[in-house]
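Fold and contact review
Each chain is listed here by its residues.
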Amino acid sequence: MQASDPAPGGAIRLPRRSIVASAGALLLAAAWWSLTDEHLAHFDAVNFALAIERFDPLLHQPQPPGYLLAVALLRGLAALGVEARDALLLAGVIAGATAVWFLWSLAERMGGTPMAFYACSLLLFHPFTLLTGMRSPLRLWLAAGACAVAYFSWRGLAGEGKQWFRGAAVALAIAAGFRPEAMLLLFPLALLPLQSRRYPVREALRAAALAIPVALAWLVPLTHAFGGWRDFGFVLWHYLREQFGGSSALFGADCTQALGMAVKALTWVALGTLCWLWALPWVLWHRKAAAPPGSARFFLVWIVPAALFYAFVHVGDPEHTLATAPAVSLLGGWILTQWAAGSRPRAVLAGALACGLSLGLFLSPESAWGGQYWAARRAACETAAVVESLREQARAAPLFVVSWEGAGLWRQVSYHLPESSVLVLHGAPEQPGLEARHMFYRNRRRGQPPLEGTRIRVPAGSQVFVLAPKGWQPSAEEGPLRKLNPGIGLFQLEAGESRRLGAYLVAWERPALEPGPVDAGE
């Protein structure tokens, strides 16, 4: 596989896939930077931004299981002087370029240049590719890892040599360093050449001998950050139970919740098909070329295990399904190639229609089928409104922000306003939560919560603001509270000696008395 090809006259010509990957990166960068503002609005994005300063998964910097290679990439970009928000977007753009490079190479081998063009266009314009730039750009490494593993696996499946099967194993180990869930989602795809019986079982041992050291290179320091293997397993298990308990039947969710997650998962996996499904009936009736040998099994092994994981184990956001988005785009590339075969106008129409439908899904009203652009836009606007409102208030006096875990935005406030004090209370406003779950942040560092039972100690002269859960309204005994924004649960607590706030009592500390002049005669 050569990095460049000689051209007439001794010039060096870049391979087409490298040119396409660069163009895709520029397109993705232009789209993402135009869709985002200076504030980090998504919880995960703030976690990764904090990890640039201090990597500590126990403090959710970033959240478990840690994503060591993703943080290493962010720190490398930060070392070059890139700001945290731009580093996140740039790391996602690098993931997009990687995905396009491998997807083009794979599609070109499977069906030629037209199929590669359609597949890469569908992936770049996929609603969730655009959406992840607005929320957590690093999730695009799921697509990049899937494309890399699929490329090596396809070449191994075609019997081109055992080195490709080994390459799939190494690609899987690297992909898991960026997104650990990729190990579960893509393992069947990496193992597919072995399942086809093209290679003896001993090749699996040789592939493992290459992949395991690569995985250990990031897994060992990651477990060290947790305090060892036992602590790593303990923290990860409890984190999974907490995150999945409300949606997965495997972790205790009821049937209604589990069914809701399954429906969302299958909907999100299938969403990309709506961009090319209109061409499928014609292709099935007038098919001009047979699908590449082994492609049906290839697509099934790529899509079905991941879809089952999303449906029954966990899927939280649409972008979690980006591991299957390249497969749907690749399949759509073959359909559109068949529909447009032999006609340039049809080829242009197919590409324009497919990309237009993708943008339509992305910008459609908020729903399970839509790209949820408006939800992401609303979250960004709410974050900007809260942060800027508090920033304006901070000019008068120091801020002390009280929030509850379920209120949201406290992580964003603690990041964008590091000089402010942010107390995060566990439970609901009406009753005290677990003391061990209370958190306190200042200067982007976690400290001891200023609590004495249910008494909140506030430094003298501080302004107290409250980030309340949605729908919460203060009672007559609480406050006085002034709501700063009609659409956001941000309140200001009027200063005094003490004020009631839910089940807690906010008490301002008395200012320290300055020593008076000393009488020289005494």
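The structure contained in this document is the topic of the report that follows. Everything quoted here is computed from the prediction, not taken from an experiment.

Here four strands make up an open sheet; going across it, the order is S7-S8-S13-S12 and the pairing mixed. Strands with a single pairing partner mark the edges of an open sheet, and in this sheet they are strand S7 (451-452) and strand S12 (498-501).

The next point concerns a nonpolar patch on the surface. Side chains of Ile-212, Leu-216, Val-220 and Trp-229 sit close together on the surface and give an oily, nonpolar patch of about 390 Å² of accessible area. Sorting elements by how many residues they give to the nonpolar patch places helix H11 (residues 202-226) first, with three residues. Mapped onto the elements of the fold, Val-220 is located in helix H11.

Now for the nonpolar core. Among the nonpolar cores identified, the biggest contains 131 residues, and Leu-106, Leu-186, Phe-298, Trp-302, Tyr-310 and Leu-330 are the most heavily contacted of them. Broken down by element, this core gets its largest block of residues, 16 residues, from helix H4 (residues 84-111). In contact with Phe-298, other than residues within four places in its own chain, are Leu-106, Met-110, Ala-150, Ser-153, Trp-154, Leu-157, Leu-189, Leu-192 and Leu-330. Among the nonpolar cores identified, the runner-up in size contains 21 residues, and Val-466, Leu-481, Leu-501 and Ala-503 belong to it.

Turning next to the side chain of Thr-132. Among the structural elements, Thr-132 can be located in helix H6 (residues 127-135). For Thr-132, a relative accessible area of 0% gives the class buried. Dropping the residues within four chain positions of it, Thr-132 is found in contact with Trp-32, Pro-137, Arg-139, Leu-140, Glu-319 and Leu-322.

Let's shift gears to helix H1 (residues 16-35). Compared with an ideal rise of 1.5 Å per residue, which puts 20 residues at 28 Å, H1 spans 29 Å between its outermost C-alpha atoms and is within 8% of the ideal. Burial in H1 covers these residues: Arg-17, Ser-18, Val-20, Ala-21, Gly-24, Ala-25, Leu-28, Ala-29, Trp-32 and Leu-35.

Let us now look at the sheet that holds strand S10 (residues 481-485). One open sheet holds the seven strands; their spatial order is S6-S5-S4-S3-S9-S11-S10, and the pairing between them is mixed. The two strands at the open ends of the sheet, each matched to only one other strand, are strand S6 (445-447) and S10. For this sheet, the mean inter-axis angle between neighbouring strands, taken without regard to orientation, is 30°. With three bridges joining them, strand S4 (residues 421-425) and strand S5 (residues 439-442) adopt antiparallel strand pairing. Bridging across to S5, Leu-423 finds its partner in Phe-440. Across the sheet, helix H18 (residues 373-393) lies against strand S3 (399-404), strand S9 (463-467), S10 and strand S11 (488-493), angled at about 15° from S11, the strand it touches most.

All right, on to the packing of aromatic side chains then. The final tally for this structure, using the stated rule, is 24 aromatic pairs. On the basis of an interplanar angle of 55° and a centroid distance of 5.8 Å, the ring pair of Phe-102 and Tyr-151 is categorised as tilted. With Phe-102 in helix H4 and Tyr-151 in helix H7 (residues 141-157), this pair connects stretches of sequence that are 49 residues apart. Neither residue differs from the other here; Phe-102 and Tyr-151 are each classed as buried. When the ring of Trp-404 is compared with that of Trp-472, the centres are 6.3 Å apart and the planes differ by 40°; the resulting orientation is tilted. In this pair, Trp-404 sits in strand S3 while Trp-472 sits in the loop between S9 and S10, placing the two residues 68 residues apart along the sequence. Taken as a pair, Trp-404 and Trp-472 share a single burial class, namely buried. The cationic tip of Arg-155 hangs over the ring face of Trp-164; the distance from NZ or CZ to the ring centre is 3.8 Å. Lying across the ring of Trp-339, Arg-346 places its NZ or CZ 4.2 Å from the centre.

What counts, and where the lines are drawn
Within any chain, residue numbers begin from 1 and follow the written order of that chain's sequence. With the structure being a predicted model, the display of local features is reserved for residues of pLDDT at least 70 and the display and counting of side-chain atom pairs for 80 or more, all residues being used for whole-chain, interface and lining totals. The side-chain numbers reported here are obtained from all heavy atoms of the structure, hydrogens and water having been left aside. At least two DSSP bridges between two strands are needed for those strands to be called paired. Only DSSP runs of H or I with at least four residues qualify as helices, and only runs of E with at least two residues qualify as strands; both kinds are numbered from the N terminus onward. To count toward a patch, a residue needs a relative accessible area over 30% and no salt bridge; like charges are then connected within 9 Å, while nonpolar side chains (Val, Leu, Ile, Met, Phe, Trp, Tyr) are connected within 5 Å. For the accessible areas, the method is Shrake-Rupley and the probe is 1.4 Å, while residue cover comes only from the protein chains on display. Any carboxyl oxygen of Asp or Glu within 4 Å of a side-chain nitrogen of Lys or Arg constitutes a salt bridge here. Grouping buried Ala, Val, Leu, Ile, Met, Phe, Trp, Tyr and Cys residues that are joined through side-chain atoms within 4.5 Å yields what is termed a nonpolar core. Working definition: with a 1.4 Å probe on protein chains only, accessible area under 20% of the residue-type maximum means buried, over 50% means exposed, and in between means partly exposed. By definition, residues are in contact when any of their heavy atoms lie within 4.5 Å. To estimate how far a helix should reach, multiply one less than its number of residues by 1.5 Å. Note on definitions: angles span 0 to 180 degrees between N-to-C directions of axes, and those axes are lines fitted to C-alpha atoms, for helices only across the stretch in contact. Pairing of aromatic rings covers Phe, Tyr and Trp, the last counted by its six-membered ring, and requires centre-to-centre distances within 6.5 Å; plane angles under 30 degrees mean stacked, over 60 mean edge-to-face, and any other angle means tilted. Either the NZ atom of lysine or the CZ atom of arginine qualifies as a charge over a ring when it sits within 6 Å of the ring centre and within 35 degrees of the ring normal.

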